[in-house]
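Each chain is listed here by its residues.
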Amino acid sequence: MCAAGPAARRLGRAGAGASRAPKRSRRGKSIAIAYEPEPPGPKWEPENWRQQLERIREMRRARDAPVDEMGVEKCYDSSAPPQVMRYQVLLSLMLSSQTKDQVTSAAMLRLRQRGLTVDSILQMDDVTLGQIIYPVGFWRNKVKYIKQTTAILKQKYGGDIPSTVEELVKLPGVGPKMAHLAMNIAWNSVSGIAVDTHVHRITNRLKWVKKETRYPEETRVALEDWLPRDLWRELNWLLVGFGQQTCLPVNPRCKECLNQDICPAAKRR
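Residues numbered from 1 in each chain as written. Predicted model: local features only at pLDDT ≥ 70, side-chain atom pairs only at ≥ 80, totals over all residues. Heavy atoms only, no water.

Enquirer: Explanation requested: the side chain of R205 in the structure shown.
Expert: Assignment of secondary structure puts R205 in helix α11 (residues 197-205). Despite its burial, R205 pairs with no opposite charge, the nearest such side chain being E212 at 9.5 Å. Within the structure, R205 has its side chain in polar contact with the backbone oxygen of P249 (distance 3.0 Å). Each residue touching R205, except ones within four places of it in the same chain, is listed here: C247, L248, P249, P252, C263, P264 and A265. (Helix = DSSP H or I, 4+ residues; strand = E, 2+ residues; numbered from the N terminus. Buried < 20%, exposed > 50% of the residue type's maximum accessible area, 1.4 Å probe, protein only. Lys, Arg positive; Asp, Glu negative; His and termini not counted. Salt bridge = Lys/Arg side-chain N within 4 Å of Asp/Glu carboxyl O. Polar contact = N/O pair within 3.5 Å; in protein donor to acceptor, adjacent residues only side chain to side chain. Contact = heavy atoms within 4.5 Å.)

Following this line, the structure appears as structure tokens:
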């Protein structure tokens, strides 16, 4: 080990002195002031929403809307093996996009009469599949998406459907609403609020969002920010039926609605 020479020792002493912080006078001493953090404000929630929700439940008590009788939960074979049942749930969701429940239900019945499984769809030619599902909305695109998605399920998931929203939305023809409903119905898991056009329209009319939203996915994020999680599963079924019977897209039946006096969008004339 080499010993430090006199020059190095002088540099060391000079460096040590230079590294010392200069002394502050007492007059210029800084004093730290501690502030109490502001308590978080109350979480935002819409006015009268609990009362509005209870009244919608009352209006939906009969469970006689199209979604109750012919919705996705009525379209699959509940006696089929679990894997087949989950596949049928996903297919009924894909067919239901931009399509009335009555049309989706009829198309699913025709598919099930031919034995609706992953293998049966892969063996079916596109023309036959199109003839069976017609007249669902955008049926030509859906033929393509069903075939592509079914092939992926066979190759990647052993014929089953994915068990996460992230994987479901990667499938051709499957959007966020379908993915959350598939998680709920097929996997019995609440992953988020399924927002379709009915839920989007009604929650905006009720002002259940801080500011008006333009798209269903934007509405989902806004709702999940404040709505208690134990209500997420119920909301889609509740509001879809309410939208089919009372809170219609055009000419809503406000005079028949129990929320007429507390709905911001109600026509009270």
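On we go from here.
Enquirer: Explain unusual backbone geometry here, please?
Expert: Backbone geometry follows two general trends: most residues other than glycine have a negative phi, and most peptide bonds adopt the trans configuration. Of note, the amide linkage connecting Y134 to P135 takes the cis form, showing an omega dihedral of 15 degrees. Along the chain, P135 turns up in the loop between α7 (126-133) and α8 (139-156). The backbone phi angle of N48 is positive, close to 65 degrees, even though this residue is not glycine. Structurally, N48 can be placed in the loop between α1 (6-19) and α2 (49-59). In this structure, R63 takes a positive phi of about 50 degrees despite not being glycine.

Enquirer: I'm lost on the environment of E256 in this one. Help?
Expert: Residue placement: E256 occurs in the segment after α13 (232-245). Overall, E256 belongs to the exposed group, its relative accessible area being 56%. Along the backbone, E256 and T246 are ten residues apart, and their C-alpha atoms lie at a distance of 7.3 Å.

Enquirer: What is the right way to look at the nonpolar core in this model?
Expert: Proteins that are soluble and globular tend to have nonpolar side chains buried together. In terms of nonpolar packing, the biggest core is built from 39 residues, with V89, L90, L95, L111, I121, L129 and L168 touching the most fellow members. Sorting the residues of this core by element identifies α4 (82-96), α5 (101-113), α6 (118-123), α7, α8, α9 (165-168) and α10 (176-187) as the ones contributing at least two each. Sequence-distant contacts of V89, that is, excluding residues within four places in its chain, are made with V72, Y76, A182, I185 and A186. One finds I56, V199, L223 and C247 within the second-largest nonpolar core, a separate group that totals 26 residues. (Core = buried A, V, L, I, M, F, W, Y, C linked by side-chain atoms within 4.5 Å.)

Enquirer: Just to check I follow, could you spell out the packing of α4 against α5 for this structure?
Expert: The geometry of a pair of packed helices is captured by two quantities: the angle between their axes and the separation between those axes. Two elements in contact, α4 and α5, have axes separated by 9 Å at closest approach and are oriented at 140 degrees. Classified by the angle their axes make, α4 and α5 are oblique. For the pair α4 and α5, the crossing hand works out as right-handed. Residues Q88, L91, S92, L95 and S96 of α4 form the contact with α5, whose own contacting residues are T104, A107, M108, L111 and R112. Its residues assigned to classes, the contact of α4 with α5 shows five nonpolar, four polar and one charged. (Axes fitted to C-alpha atoms, helices over the stretch in contact; angles between N-to-C directions. Parallel < 35°, antiparallel > 145°, perpendicular 65-115°, else oblique. Left-handed = near helix turned anticlockwise from the far one by under 90°. Nonpolar A, V, L, I, M, F, W, Y, C, P; charged D, E, K, R; others polar.)

Enquirer: What should I look at first to understand the packing of aromatic side chains in this one?
Expert: Each pair of aromatic rings is reported with the distance of its centres and the angle of its planes. All chains considered together, the criterion is met by five aromatic pairs. Where W49 meets W208, the ring centres are 6.4 Å apart and the plane angle is 85 degrees; that geometry is what we call edge-to-face. Of this pair, W49 sits in helix α2 while W208 sits in the loop between α11 and α12 (216-224), and the two are 159 residues apart along the sequence. This pair shows no difference in class: W49 is buried, exactly as W208 is. Ring plane angle 85 degrees and centroid distance 5.6 Å describe the contact between Y134 and W139, whose orientation is recorded as edge-to-face. W139 sits in the partly exposed class, given a relative accessible area of 23%. Cluster of aromatic residues (ring-pair linked, three or more members): W44, W49, W208 and W226. (Phe/Tyr/Trp six-rings, centres within 6.5 Å; stacked < 30°, edge-to-face > 60°.)

Enquirer: Is there a simple way to think about α13 in this case?
Expert: With 14 residues, α13 extends 21 Å from end C-alpha to end C-alpha; this agrees with the ideal 20 Å at 1.5 Å per step. For α13, every residue scored as buried is listed here: W232, L235, N236, L238, L239, V240, G241, F242 and G243. Looking at the buried side of α13, the elements it contacts are α2, α3 (66-70), α10, α11 and α12. (Expected span 1.5 Å × (residues − 1).)

Enquirer: For this particular structure, what's the right way to read α12?
Expert: Along an α-helix, residues three or four positions apart point the same way, because every turn accommodates 3.6 residues. Where α12 is concerned, the buried positions are T219, R220, L223 and E224. The buried residues of α12 occupy one face: seen down the axis, they fall within an arc of 125 degrees. Buried residues in α12 make contact with α10, α11 and α13. (Arc of directions from axis to C-beta.)

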